[in-house]
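Chains, contacts and geometry: an overview
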Amino acid sequence: MLDVQKVRADFPILNVDAHPNVPLVYLDSAASSQKPSQVIDAMNGYYQEYNANVHRGIHRLSEEATSVYEGARVKVQKFINAPSHEEVILVRNATEGFNLLAYSWGGANLKPGDEVLITAMEHHANIVPWQIVCEQTGATLKHVPFTDEGTLDMDALDELLTEKTKIFSFTAASNVLGTINPTKELVAKAHAAGALAAVDGAQAVPHAAVDVQDWNCDFMAFSSHKMCGPTGIGALYGKAEHLNAMPPWMGGGDMIRRVTLEKSTYNDLPYKFEAGTPAIAEGIGLGAAVDYLNSLGMENVHAHEQKITSYALEALSEVEGLTVLGPKSAAERGGLVAFTLKGLHPHDIAQLLDEDGVAVRAGHHCAMPMHKIMGIGSSTRASFYVHTTTDEVDALVTSLNRARKVFRL
Ligand code: 7TS
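Residues numbered from 1 in each chain as written. Predicted model: local features only at pLDDT ≥ 70, side-chain atom pairs only at ≥ 80, totals over all residues. Heavy atoms only, no water.

So, the overall build of the chain
What counts is decided by this rule: Secondary structure follows DSSP: runs of H or I at least 4 residues long count as helices, runs of E at least 2 residues long count as strands, and numbering of each begins at the N terminus. With the radius of gyration taken over C-alpha atoms, the globule rule is written as 2.2 Å times the number of residues to the power 0.38. Only protein chains enter the accessibility calculation, which uses a 1.4 Å probe; a residue whose area is less than 20% of its type maximum is buried, one above 50% is exposed, and one in between is partly exposed. Contact criterion: two residues are considered in contact whenever any of their non-hydrogen atoms come within 4.5 Å of each other. The Shrake-Rupley method, run with a 1.4 Å probe sphere, supplies the accessible areas, and residue values consider only the shown protein chains as cover. Two residue types count as positive, namely Lys and Arg, and two as negative, namely Asp and Glu; His and chain ends fall outside the count. To locate a charge, take NZ of a lysine, CZ of an arginine, CG of an aspartate or CD of a glutamate.
When you go through the chain residue by residue, the secondary structure sums to 14 helices and 17 strands. Its C-alpha radius of gyration of 22 Å places the chain within 12% of the 22 Å reference for a compact globule of 409 residues. Referenced to the eigenvectors of the C-alpha coordinate spread, the extents of the chain come out at roughly 70 × 55 × 35 Å. Within the span of the chain, comprising 409 residues, buried residues form 54% of the whole. Within the chain, contacts between residues separated by at least 24 positions form 71% of all contacts whose residues are at least 6 apart in sequence. With the model as given, the accessible surface of the chain reaches about 17,100 Å², and the carbon-plus-sulfur share is 51%. For the chain, the distance from the average position of its 32 positive side-chain charges to the average position of its 48 negative side-chain charges is 3 Å.

Considering the nonpolar core
Note the threshold: We define a nonpolar core as any set of buried Ala, Val, Leu, Ile, Met, Phe, Trp, Tyr and Cys residues linked to one another through side-chain atoms lying within 4.5 Å. Residue ranges for the domains originate in an automatic or database domain assignment.
Ile80, Phe168, Met220 and Met227 are the most contacted members of the largest nonpolar core, which totals 70 residues. At ten residues, the largest contribution of residues to this core is made by helix H10 (residues 280–296). Split by domain, the residues of this core number at least three in each of domain 1 (4–30 + 298–406) and domain 2 (41–294). When residues no more than four places from it in sequence are discounted, the contact partners of Ile80 are Val205, Val210, Asp211, Val212, Met220, Phe222 and Tyr237. Listed in part, the 28 residues of the second largest apolar core include Leu27, Ala315, Leu353 and Ala362.

Concerning the site of the ligand
Filter applied, for reference: If a single non-hydrogen atom of a residue is within 4 Å of a molecule or strand, that residue counts as near it. Side-chain atoms alone can form a polar contact between residues adjacent in sequence; in general such a contact is a pair of N or O atoms within 3.5 Å, and within protein one must be able to donate a hydrogen while the other accepts it. Amino acid classes used here: Ala, Val, Leu, Ile, Met, Phe, Trp, Tyr, Cys and Pro are nonpolar; Asp, Glu, Lys and Arg are charged; the rest, including Gly, are polar.
Neighbouring the ligand are 17 residues, the closest being Thr95, Asp200, His225, Arg361 and Arg381. One of the side-chain N or O atoms of Asp200 is found 2.5 Å from a nitrogen atom in the ligand. Between the ligand and Arg361 there is a distance of 2.4 Å, counted from a nitrogen atom to a side-chain nitrogen or oxygen. Contact with the protein chains removes 90% of the 490 Å² of surface that the ligand exposes when unbound. Taken together, the residues that form the shell around the ligand break down as five nonpolar, eight polar and four charged. The two domains that each donate at least three residues to the shell around the ligand are domain 1 (4–30 + 298–406) and domain 2 (41–294).

A word on the sheet that holds strand S17 (residues 379–383)
Hydrogen bonds between backbone atoms are what pair the strands of a sheet, whose relative direction is either parallel or antiparallel. Applied cut-off: When DSSP finds two or more bridges between two strands, those strands count as paired. For helices, the fitted axis covers only the stretch in contact; all axes are lines through C-alpha atoms, and the angles between them, taken along N-to-C directions, range from 0 to 180 degrees.
An order of S13-S14-S17-S16 is seen for the four strands of this open sheet, with the pairing classed as antiparallel. Here the strands that pair on one side only, and so sit at the sheet edges, are strand S13 (322–324) and strand S16 (361–363). For this sheet, the mean inter-axis angle between neighbouring strands, taken without regard to orientation, is 30°. Of the strands in this sheet, S13 and strand S14 (336–341) are in contact with helix H11 (residues 298–316), which crosses S14 at around 15°.

What to know about the domain arrangement of the chain
What counts here: Defined here as a combined quantity, buried area equals the accessible surface (1.4 Å probe) lost by two parts on assembly, summed across both.
Each domain of the chain was delimited in the assignment, giving domain 1 (4–30 + 298–406) and domain 2 (41–294). On a C-alpha basis, the centres of domain 1 and domain 2 stand 28 Å from each other. Contacts between the two partners involve 31 residues from domain 1 and, on the opposite side, 29 residues from domain 2. When domain 1 packs against domain 2, close to 2,400 Å² is buried across both sides, 62% of that on carbon and sulfur atoms. Area buried by domain 1 at its contact with domain 2 is led by Met298, Met370 and Tyr385, which between them contribute 29% of it.

Thoughts on the environment of Arg60
If you trace the backbone, Arg60 turns up in helix H3 (residues 60–79). Each C-alpha atom, one on Arg60 and one on Ala312, is 51 Å from the other, the two residues being 252 residues apart in sequence.

Quick word on the pattern of salt bridges
Put simply, the rule reads: Any carboxyl oxygen of Asp or Glu within 4 Å of a side-chain nitrogen of Lys or Arg constitutes a salt bridge here.
Per the stated rule, a full pass over the model turns up 18 salt bridges. Taking the shortest distance from any N to any O, the salt bridge between Arg56 and Asp254 comes out at 3.3 Å. You can see Arg56 sitting in the loop between helix H2 (37–49) and H3 and its partner Asp254 sitting in the loop between helix H9 (240–245) and strand S11 (256–259), a full 198 residues away along the chain. Using a relative accessible area of 17% as the deciding quantity, one classes Asp254 as buried.

Let's talk about the side chain of Gln77
One can find Gln77 in helix H3. Residue class for Gln77 comes out buried when judged on its relative accessible area of 11%. Excluding residues within four positions of it along the chain, Gln77 makes contact with Ala82, Pro83, Ser84, His85 and Val88.

What to know about helix H12 (residues 346–355)
In an α-helix, one turn spans 3.6 residues, which is why side chains three or four residues apart end up on the same side. Going by this rule: Note that the arc is computed from the directions linking the helix axis to the C-beta atoms.
What H12 keeps buried is the set Pro346, Ile349, Ala350, Leu352 and Leu353. End-on view of H12: buried residues confined to an arc of 165°, all on one side of the axis. Residues of H12 that are buried make contact with S14, strand S15 (358–359), S16, S17 and helix H14 (390–406). Where H12 terminates, the next one or two residues include Gly357, which has phi positive at roughly 85°.

Right, here's the structure in full:
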C-alpha cells in the first residue's frame, strides 16, 4: 500500500493554499495531475546542466540531451511493455496521437463503404479526428452505445463489428463514467471481425499497469500530464508493421533520411512521425514521471485509487439529491466520480467548492455526446490520485453539504 503522507511530501503544490489560509484539496487529477519534485527537478536539470537540441549536435551537451531524451522513450516503452522503442512515437498528447492515427492511417486506408467504430463514451479526442477523416475519405463513423449502468453494450458491439469495420477505437477507461472497459476482450472482438483496435489510454496508463502486448492492441495513445509528467508530451504506441506501412503525417527536419529539392525519403521509426525539434525537457520529465510511478508500484497506485473511490462512493451516497454517474461498484471503476446534484448547476457547485479550497471539474469534460445521452448538459467530477486522502473526500462532502445549504436545498 502507498504511504500517502510520504507521497504527499513529493508534491510541492500540496503545500500551497488554494486561497489565503484555505488549504488546497486537489480533486482534479483526471484533467491534469500534479507533479512531484522528482519530475520538476529532472526538467530543471536539463535546462540548467545540459540544455541543447537532440539528434544533431556533436558536442557534449547535445549528446547528453539525446541520451536522456531517448532514455525516456525506452522508459515509456517498458512502462507499457511495448516490444520496441521504435513503436513509441512521442507526440504532444493523446489528442495528437489520435490525430496522427486518423490522418495517417485513416487517410491511407479508409474509403467509401468502410466503417470506423468508436463508442458513445469517448472523449472528443477519440471522436472528432475520426469524424474529420471519415468526411475526407467517405468512410462511415459508427458508435457502440452504453447501458444505463454505464458499461458498453456488448450485444450492440457484436452487431456493429462487421467486415466493413476497419478500425475499432475505444477508451480503456471513461473520464466521466469512470467505467473500466474490458480492453483485452474488446481488442479480440475487433480482431475477430478483421478490424484493427486502437485504445485511448489517457485515463488508464496513469492508474494501473498497462501491457500493450497482453492487450494485443494495434495502437494506444496517452498523455504525460495525467501521470505526474509535464504537459506538451505524450505517446502513440503502434505495432511496427502498421507504423511502417503508414505515410508520414508532418514533414520537416528529423523525419527525413534524404532530401532533394524534388523529393524526400523518410527516416526509420519512430522518427518518421516526429518532425522538428521535439519537446525535450518534457520528454525528460515524462521519463522521470515513469520512474516515479514505478517507484510507487502501479499495483499500489491502483489499489490506493480503488480504496479512495470506494470510500468516496460511500461518502457521496450520504449527500441528499446526489446521483453518481457510471457503475455502482468501485471495483468496476477508475479513480474518479462524476455526479449531478439536484437543484444545483455544476458550475455553481464547483465555484462554491472552490471557496473551500476544493478543486473539482465542472462541465461536459470534453464528452458532450455522453452527457447528451444521459440527458444532462454537464456534471461535476472529483478525481483522485496517489496523494488523495480520505480526509480530502470528507472535505468534498462537507463542502457539498454547505453548497446545498447556501442554495437552501
Ligand atoms: N482521452 C481521455 C479518456 C481523456 O480523459 C482525455 C483528457 C483525452 C483523451 C485527451 O487528453 P489530452 O491530454 O490530449 O487533452 N481528459 C480531460 C478531462 O477529463 N478533463 O480535462 C481533460
